[in-house]
Every structure is written in C-alpha cells, then in structure tokens.
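Each chain, letter by letter, is given below.
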Amino acid sequence: MPEQSPTAIDPSRCPLCGQPNRCAMEVQRETGMAQPPCWCTGVTFDAELLARVPADAQQRACICQACAAASDPA
C-alpha cells in the first residue's frame, strides 16, 4: 500500500480554525522584513488548547489570537 503524502501545513494559518494567524515571526520569515514582537509572545497557551493542535502541525503553525482567546477561562 503506498504511503500517503503528509498534509501541507501552512504556517500562516491557525491549525485549529484555518484562519490567518497573523504570526509576526512567519511574516518576517516570508518577507525578510523585521517585525515587532508577535502578539503570541505575551500570551500563555493552556495545555488543553495546545493538545488540540494536530500532531503534524505542532511546532509548525501558530494558533490564532481568536482561538487563543476563546480558550482563555478568564
């Protein structure tokens, strides 16, 4: 049985909802232009939210601000 190719991960999209994640680090990588610190550097992502990220997207695509906020119990 042939092996399936891995799903292409788009690092500029949230792995949970598919919307743009607005990751400043990804913008800088793509454009070569320095960016201010990413919004995510000031956020703590809870373990339950991180566990929802598909294994193939972990460490490869950032969760968006909307998904991060929706999981915040505060």
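Here goes a summary of the coordinates provided.

## Some remarks on the packing of aromatic side chains
All told, the structure shown has one aromatic pair when counted by the stated rule. Pairing Trp 39 with Phe 45 gives two aromatic rings, centres 6.0 Å apart and planes at 65°, and the pair type is edge-to-face. Since its relative accessible area comes to 22%, Phe 45 is described here as partly exposed.

## What about the nonpolar core?
Within the largest apolar cluster, seven residues are counted, these being Cys 14, Leu 49, Val 53, Ala 57, Ile 63, Cys 64 and Cys 67. With near-sequence residues (within four places) excluded, Cys 14 lies in contact with Gln 19, Asn 21, Cys 62, Ile 63, Cys 64 and Cys 67. Core analysis: the second largest hydrophobic core is formed by six residues, Cys 23, Trp 39, Cys 40 and Ala 68 among them.

## Focus on the layout of surface pockets
Counted as a void, the largest pocket has a volume near 220 Å³. The wall of the largest pocket is formed by Cys 40, Phe 45, Leu 50, Val 53, Gln 58, Gln 59, Ala 61, Cys 62 and Ile 63. Split into classes, the residues belonging to the lining of the largest pocket amount to seven nonpolar, two polar and no charged.

## Considerations on the pattern of salt bridges
Considering all chains together, one arrives at two salt bridges under this definition. With its nearest N and O atoms 3.9 Å apart, the salt bridge here joins Asp 10 to Arg 13. Under the relative-accessibility criterion, Asp 10 is labelled partly exposed at 35%. Of the charged contacts, one joins Glu 26 and Arg 29 as a salt bridge, the two residues approaching to 2.5 Å between their closest N and O atoms. In this pair, Glu 26 and Arg 29 are both assigned in helix H1 (residues 24-31), three residues apart and thus about one turn of the helix distant.

The rules behind the values
Residues numbered from 1 in each chain as written. Predicted model: local features only at pLDDT ≥ 70, side-chain atom pairs only at ≥ 80, totals over all residues. Heavy atoms only, no water. Phe/Tyr/Trp six-rings, centres within 6.5 Å; stacked < 30°, edge-to-face > 60°. Buried < 20%, exposed > 50% of the residue type's maximum accessible area, 1.4 Å probe, protein only. Core = buried A, V, L, I, M, F, W, Y, C linked by side-chain atoms within 4.5 Å. Contact = heavy atoms within 4.5 Å. 1 Å grid on protein atoms, 1.4 Å probe; cavity = no way out; pocket = protein on both sides within 12 Å on 5 of 7 lines; lining within 4 Å. Points joined across faces, edges and corners; volume = space filled by probe spheres on them. Nonpolar A, V, L, I, M, F, W, Y, C, P; charged D, E, K, R; others polar. Salt bridge = Lys/Arg side-chain N within 4 Å of Asp/Glu carboxyl O. Helix = DSSP H or I, 4+ residues; strand = E, 2+ residues; numbered from the N terminus.

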